Amino acid sequence: MRVVVIGSGFGGLAAALRARALGHGVTILERLDQPGGRARVFRRDGFVFDAGPTVITAPDLFDELWALFGERRADHVAFLPVTPWYRIGFADGNSFDYGGDLEEMRAKVASFSPGDEAGFLRLSARTRDLYAVGYLALGTVPFHRLSTMLRAVPALLRLGAWRSLYRFVSRDIKNESLRRVFTLQMLLIGGHPFRSPALYALIQQLEREGGLWFAAGGTVSLVEGLVALGRRHDIGLRTGCTVSGILVERGRTSGVRLESGEIVPADIVIANADAPMVHGTLLPPPLRRSAARLDRQQASMGLFVLYFGTTRRYESIAHHTILLGRQYRALLDEIFGSDAVLPEDPSLYLHRPTATDPSLAPPGQDAFYVLAPVPNLRAPIDWSVAGPVMRDRVVAMLSARALPGLESCIVSESTLTPADFAHDYLSRDGAGFSIAPILRQSAFFRFHNRCKAADGLYLVGAGTHPGAGVPGVLTSAKLVGTLLAEAA
Ligand SMILES: Cc1cc2nc3c(=O)[nH]c(=O)nc-3n(C[C@H](O)[C@H](O)[C@H](O)COP(=O)(O)OP(=O)(O)OC[C@H]3O[C@@H](n4cnc5c(N)ncnc54)[C@H](O)[C@@H]3O)c2cc1C
């Protein structure tokens, strides 16, 4: 059958490969001038800046894609270990090196906050149970039937998976800094640690199971590796073409229309475009969800990202550094609240890939990006004004806390704001991670991988089950593969 994939994010690329492995003819249509979606690359002035994901967990999900065609990922893309996984710096000047196996983490917790050692072991046991139910058992099944959800409810209730992540962690961990350490992962998939369900604590176990890696040459080498794998197996990729509508005839999808007016016929359409946009604008009007219904959904937060090189190297800075501001809950409420404002004292994630792979910058220099969670476009913020304000705020904070003298050694800088996320990726509300990972938008209540509105239409990517983050979107592609195989 002819398959068209709308969008070439990791979810789209993986779904295309899975469809091809089932014997379908596959074409990917991407609106940007390069593949990868949020994982695209900016190459400038000798620097390589990965635009988005940099933390690779669950490496086996990538290995599976090469294995579909009898190949080995390691023959094409090397995964380099990163130590520590993250360095978390607190406003009081202390820091915590997160990562490693259970024993290493136990020792780190014991030396940071001796009273929390036993609690940490209890927390780890509970996150292991959540991982077994939430990831191994449920994350790997499509959730388009309510019965699947109902079957899962007793186990999830027993494990306290519906509680807020922060409450779940606080039961065992008493030190406030450590509570932040064990809940901030939520921010990396767009969630509010106080409002997202504890189910997502399984991420801690996911990291421990597969380790944390960086692709040699940057995340772009994974994107390029998957594109090359597709090319070797006759997957077509057209960049620079935006799909303006999904065609449906007598209840079944028949292809897509491009903005240029061109029709691309297909028997199966897999949409990696933002799921709320698929349901709100790409489907024919009678099949769309109402704007009111889509408005009731909660979008994930926005992101402000500054990409920059420096004329010197900052050797002491770890590959992944998180700099927390003084406030935690207050900052989160500032970003996620209905009256969201630009944060005065933001928390930052600083990426220094040249700590692991110096080839990503000219000799003696560093490549960086810094990311600050900010309100999405539902907040009345004019990013043409707020962008430069945020840039100066972030640079000042970095200069004071991590990169002394930064102001005078920045070269080659550019930014992405929520307005760019809306414009470039057609992300509803300029959200960084599609719809937010809250209970009423998880599992059965998230966008389904098989679309009820039209036969032959499937959805993959951050807005769909199981959710955002690279492991999430690769899993959604695996689920689409399962559904396609069942339908064959
Ligand atoms: C700055 C940043 C850092 C991150 N860091 C991490 C990390 O370290 N680890 C991690 O696991 N996750 C991370 N994430 C999250 C992760 O990157 C995303 O959840 C994931 O990559 C999204 O993949 P996706 O398949 O949903 O597609 P996307 O990457 O969102 O791609 C969708 C593609 O569809 C295209 N498209 C949309 N509409 C159309 C249309 N109508 N026609 C044609 N094309 C269209 C878009 O242009 C885009 O290329 C990060 C995200 C960001 C933004």
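Note that this is a predicted model, so its numbers are computed, not measured.

Conventions we followed
Residues numbered from 1 in each chain as written. Predicted model: local features only at pLDDT ≥ 70, side-chain atom pairs only at ≥ 80, totals over all residues. Heavy atoms only, no water. Near = heavy atom within 4 Å. Polar contact = N/O pair within 3.5 Å; in protein donor to acceptor, adjacent residues only side chain to side chain. Areas by Shrake-Rupley, 256 points an atom, 1.4 Å probe, with all protein chains shown as cover. Helix = DSSP H or I, 4+ residues; strand = E, 2+ residues; numbered from the N terminus. Nonpolar A, V, L, I, M, F, W, Y, C, P; charged D, E, K, R; others polar. Salt bridge = Lys/Arg side-chain N within 4 Å of Asp/Glu carboxyl O. Buried < 20%, exposed > 50% of the residue type's maximum accessible area, 1.4 Å probe, protein only. Pairing = 2+ DSSP bridges. Axes fitted to C-alpha atoms, helices over the stretch in contact; angles between N-to-C directions. Parallel < 35°, antiparallel > 145°, perpendicular 65-115°, else oblique. Left-handed = near helix turned anticlockwise from the far one by under 90°. Contact = heavy atoms within 4.5 Å. Core = buried A, V, L, I, M, F, W, Y, C linked by side-chain atoms within 4.5 Å. Domains from an automatic or database assignment. Expected span 1.5 Å × (residues − 1). Phe/Tyr/Trp six-rings, centres within 6.5 Å; stacked < 30°, edge-to-face > 60°. Lys NZ or Arg CZ within 6 Å of the ring centre and 35° of its normal. Patch = residues over 30% accessible without salt bridge, like charges linked within 9 Å, V, L, I, M, F, W, Y side chains within 5 Å.

Student: Would you mind going over the site of the ligand with me for this structure?
Tutor: In the vicinity of the ligand, 38 residues are found, and the nearest of them are Gly11, Glu30, Arg38, Val55 and Val470. At a separation of 2.8 Å, an oxygen atom of the ligand approaches a polar backbone atom of valine 55. Valine 470 places a main-chain nitrogen or oxygen 2.7 Å from an oxygen atom of the ligand. Here the ligand loses 95% of its free accessible area of 1,000 Å² to cover by the protein chains. Listing elements by their share of the shell around the ligand, those giving two or more residues are α1 (10-21), β17 (366-374), α14 (418-425) and α15 (470-487). Its residues assigned to classes, the shell around the ligand shows 22 nonpolar, 12 polar and four charged.

Student: How do you make sense of the pattern of salt bridges when you look at a structure like this?
Tutor: Charged atoms that come close allow side chains of opposite charge to pair. Evaluated as defined, the whole model comprises 28 salt bridges. For aspartate 97, the salt bridge goes to arginine 87, with nearest N and O atoms at 2.7 Å. Placement of the pair is aspartate 97 in strand β7 (residues 95-98) and arginine 87 in strand β6 (residues 86-89), with a sequence separation of 10 residues. Classification of aspartate 97 by relative accessible area gives partly exposed; the value is 26%. Each of Asp295, Arg378, Arg428 and Asp429 takes part in salt bridges that share partners, so that together they form one network.

Student: Honestly, the sheet that holds strand β1 (residues 2-6) in this entry has me stumped. Any pointers?
Tutor: Backbone hydrogen bonds hold the strands of a sheet together, and the pairing may be parallel or antiparallel. Pairing is parallel across the open sheet formed by five strands, whose spatial order is β9-β2-β1-β13-β19. Each end of this open sheet is capped by a strand with a single partner; those strands are β9 (236-238) and β19 (457-459). The sheet shows a mean angle of 20° between the axes of neighbouring strands, direction not considered. Inspection of the sheet shows strand β2 (residues 25-29) paired to β9 by three bridges, in the parallel sense.

Student: It is not clear to me how the packing of α1 against helix α9 (residues 219-232) should be interpreted in this structure. Could you clarify?
Tutor: One way to put it is that α1 packs onto α9 with a least axis distance of 10 Å and a crossing angle of 25°. On the basis of the axis angle, α1 is roughly parallel to α9. The crossing of α1 and α9 is left-handed. Contacts between α1 and α9 involve Phe10, Leu13 and Leu17 from the former and Thr219, Leu222, Val223, Leu226, Val227, Leu229 and Gly230 from the latter.

Student: Help me out: how do you make sense of the sheet that holds strand β18 (residues 410-416) in this one?
Tutor: Overall, mixed pairing links the seven strands, which are arranged β7-β6-β15-β16-β17-β14-β18 in an open sheet. The open sheet is flanked by β7 and β18, the only strands paired with a single partner. Each strand axis lies, on average, 20° off the axis of its neighbour in the sheet, ignoring direction. Here strand β15 (residues 320-323) runs beside strand β16 (residues 348-351); their pairing, made up of four bridges, is antiparallel.

Student: Sorry if this is basic, but what is going on with the environment of valine 220 here?
Tutor: Along the chain, valine 220 turns up in helix α9. Residue valine 220 is classed as buried on the basis of its relative accessible area of 4%. Sequence-wise, valine 220 and alanine 51 are 169 residues apart; in three dimensions their C-alpha atoms are separated by 8.9 Å. If near-sequence neighbours (up to four positions away) are discounted, valine 220 is found in contact with Val41, Arg43, Val48 and Asp50.

Student: In this structure, what is going on with the nonpolar core? I would like to understand it.
Tutor: Of all hydrophobic cores here, the largest spans 117 residues; its most connected members are Phe10, Phe62, Ile88, Tyr98, Phe182, Leu222 and Ile270. Residue-level mapping places this core at the junction of two domains, with at least three residues from each of domain 1 (2-40 + 58-75 + 218-297 + 436-487) and domain 2 (99-209). Apart from the residues within four sequence positions on either side, tyrosine 98 is in contact with Pro84, Trp85, Tyr86, Ile88, Met105, Lys108, Val181, Phe182, Gln185, Gln204 and Glu207. Ranked by size, the runner-up nonpolar core spans 28 residues in total, among them Leu306, Ala340, Leu398 and Cys409.

Student: I tried to follow the environment of arginine 231 on my own but got confused; where do I start?
Tutor: Looking at the secondary structure, you find arginine 231 in helix α9. Note: C-alpha distance between arginine 231 and leucine 17 (214 residues apart in sequence) is 10.0 Å.

Student: Mind showing me how you'd approach α9 here?
Tutor: Quick reminder: α-helices carry 3.6 residues per turn. Residues three or four places apart thus point the same way. Over its 14 residues, α9 runs 20 Å from end to end, which matches the ideal 20 Å to within 8%, given 1.5 Å per residue. Across the 14 residues that make up α9, a large majority, 10, are buried. Inspection of α9 places Thr219, Val220, Ser221, Leu222, Val223, Gly225, Leu226, Val227, Leu229 and Gly230 among the buried residues, and these make up the whole buried set. Positive backbone phi, at 65°, marks aspartate 234, one or two positions downstream of α9.

Student: What exactly am I supposed to notice about the packing of aromatic side chains here?
Tutor: Counted under the stated rule, the structure contains 22 aromatic pairs. On the numbers, 5.3 Å between centres and 75° between planes, the contact of phenylalanine 10 with phenylalanine 62 is edge-to-face. Taken together, the residues span a long stretch of sequence, with phenylalanine 10 in helix α1 and phenylalanine 62 in helix α2 (residues 60-67) at a distance of 52 residues. Under the relative-accessibility criterion, phenylalanine 62 is labelled buried at 0%. We note arginine 163 situated over the ring of tryptophan 162; from NZ or CZ to the ring centre the distance is 5.8 Å. Positioned above the aromatic ring of tyrosine 314 is the side chain of arginine 312, whose terminal nitrogen or guanidinium carbon lies 3.8 Å from the ring centre.

Student: Help me understand a nonpolar patch on the surface, please; the structure alone is not making it clear to me.
Tutor: Side chains of Leu146, Leu150 and Phe445 sit close together on the surface and give an oily, nonpolar patch of about 290 Å² of accessible area. By the secondary structure assignment, leucine 150 is in helix α5 (residues 146-158).

Student: Would you mind showing me how to read the pairing of strand β4 (residues 47-50) here?
Tutor: Regular strands show a simple pattern: their side chains alternate between the two faces of the sheet. Alternating residues of β4 divide into Phe47 and Phe49 and Val48 and Asp50, and every residue in both groups is buried. Pairing of strand β3 (residues 41-44) with β4, which is carried by four bridges, proceeds in the antiparallel orientation. Looking across to β4, one finds that arginine 43 is bridged to valine 48. Between β3 and the antiparallel strand that follows it, β4, lie two residues; aspartate 45 among them carries a positive phi value of about 50°.

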